[in-house]
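Descriptive structure summary
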Amino acid sequence: EAIQLAQQATLETRDVKHEPRTLTEQRAAWREQAEDVLGGPVGVAAMVTTALSAGRSASATAAVDAAWVRDTAHRVRDEIAARRSTWQVWHVRGEAHRQVRAANLPAAQVEQVVDLVTDQTLALASVRLTPMGGGIEEPAELRRQDGFSVYETAGSAVYTSEDILAAEQRLVHTAGLGDGHRASGDAVALALLEQAANGVSLNPGQTALVTGMATSGNRLQLAIAPAGTGKTTAMRALTAAWTEDGGTVIGLAPSAAAAAVLREQTGATTDTLAKLTWSLAHDDLPDWARAIDARTLVVIDEAGMADTLSLDTAVQFVTARGGQVRLIGDTQQLAAIGAGGVLRDIAATHGALHLDELMRFTDPVEGTASLALRDGGTEALGFYLDHHRVHVGDLATITQDVFTAWANDRQQGLDAMMLAPTRDLVSQLNLQAQSHRLAGRNPGSGAPLADGNTALVGDTIVTRANDRRLRLGMTDWVKNGDRWTVHN
């Protein structure tokens, strides 16, 4: 029954296939898609030229020997470890194909070499986490050709790397050290009074978080703060308390946009976690990093979205200079792009401070439903269904309903946003929104965008990359996720 329901869901929600078209029409569609991906006709021409050039066929074939296989296996492991904390044979095989592709091998040899690299990566460059057989030794008749038991699902074994395990152990160990500088109770009390004088009263959970983080002396400390629990207010008070005691606060975040928000909220110097790790790797530390000392408190916001290796690099650098680190995140948050998951280990081993009183909702029922949804409670889904928050329909109907709701909200002066699962659908909705705004008026000339649309005067666009060379005043620059309005 589950299989039938899954098949029904797939058939009813998948994109409709395009109408039959001629080869000429198909080639035109392919070119349009290629220009979207490669950045226009120039990018397509460069790709075609490279693919058809004589240099490719004349490139040297790699000498595949034991040393080459071993080195490639470690490259495969490193590439995967930069994106995941654990992996299976399928992840390794996919990356092995990408690495072997660059060796320019004859087609008949590719699969054999991929097998060698995959086996080497799993056997020598990875650490198996899944137990072998549970202590039971099966006879040869009950083993597959790959040597594993027939009672073990093929490809289900989970692996990691020694570097990730070591980084996790260092982070957990550092969280147990309590020999750092402690802010005085008077400084904390004064900061809380200052917040109250400015009309911001902290609830008991926020007060406990600020007090605990400022006075614990822990070299590394974790606070679990779900969205809407007043994390911003608590971080502002923590910054004020630590600064009042004569210390310095630095903020780090996984993204430039989050770092900018943290700077606005706390007034502290902020940057990205990637900037610090890159600077350490290239021996080019910014001034704020050189100034870290025993009275420096580094706050890493959205820590659940930071990868373990970057966190470890940052924490070891800060603590080696005498500073302390405070991780602010949510173990139930969107997983890290890179290899993550260490927050749960820290919380399980040394505990964590918690914010669990939602401040974002005026209706307490809405707040309770939000927390239940975060924890995976089915009652949350029932609440949203009962209050008509979930809408069902085919792709075309839902797309039109989303646009209609967005247009109505905009007409009422609300700041609404449409979300869609694919780039093509996002591009389609953007074009529809632009046509709706123009309402038949002549838009004039515009500038091409990466999704194939054209930016016109009055449009709102979003930048998709960071570029520190494009400055916005003395302290800011163009970031991924920044919103802009086209004026001319």
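For clarity, every value in this text was computed on a predicted model and none was experimentally measured.

**Quick notes on the pairing of strand β3 (residues 220-224)**
- For β3, a buried count of 5 out of 5 residues is recorded, marking the element as mostly surrounded by other parts of the structure.
- The side-chain alternation of β3 yields two buried faces, one formed by L220, L222 and I224 and the other by Q221 and A223.
- Inspection of the sheet shows β3 paired to strand β7 (residues 324-329) by 5 bridges, in the parallel sense. Its bridge partner being in β7, A223 is matched across the sheet by I328.
- With 2 bridges joining them, β3 and strand β8 (residues 353-354) adopt parallel strand pairing. Note that in β8 the partner of A223 across the bridge is L353.

**Comments concerning unusual backbone geometry**
- The backbone phi angle of N104 is positive, close to 55 degrees, even though this residue is not glycine.
- Residue placement: N104 occurs in the loop between α6 (89-101) and α7 (107-124).
- At E302, a position not held by glycine, the phi torsion is positive, near 50 degrees.
- Looking at the secondary structure, you find E302 in the loop between β6 (296-300) and α15 (308-320).
- According to the relative accessible area criterion, E302 is partly exposed, its value standing at 21%.

**Re the nonpolar core**
- Membership of the largest hydrophobic core comes to 28 residues, with the highest contact counts inside it found for L220, L276, V298, I300, L311, V325 and L327.
- For this core, the leading source of residues is α15, giving 5 residues.
- When residues no more than four places from it in sequence are discounted, the contact partners of L327 are M213, L220, Q221, L222, A223, I300, A303, L311, L343 and I346.
- Core analysis: the second largest hydrophobic core is formed by 24 residues, A191, A214, M235 and A240 among them.

**Focus on the sheet that holds strand β4 (residues 248-253)**
- Across the sheet, which stays open at both edges, the 6 strands sit in the order β5-β4-β6-β7-β3-β8 with parallel pairing between neighbours. Looking along the sheet, the strands with just one partner apiece sit at the ends: β5 (269-272) and β8.
- This element, helix α13 (residues 273-281), spans β4, β5 and β6 of the sheet and lies at about 75 degrees to β5.

Thresholds, definitions, all that
- Residues numbered from 1 in each chain as written.
- Predicted model: local features only at pLDDT ≥ 70, side-chain atom pairs only at ≥ 80, totals over all residues.
- Heavy atoms only, no water.
- Buried < 20%, exposed > 50% of the residue type's maximum accessible area, 1.4 Å probe, protein only.
- Helix = DSSP H or I, 4+ residues; strand = E, 2+ residues; numbered from the N terminus.
- Pairing = 2+ DSSP bridges.
- Core = buried A, V, L, I, M, F, W, Y, C linked by side-chain atoms within 4.5 Å.
- Contact = heavy atoms within 4.5 Å.
- Axes fitted to C-alpha atoms, helices over the stretch in contact; angles between N-to-C directions.

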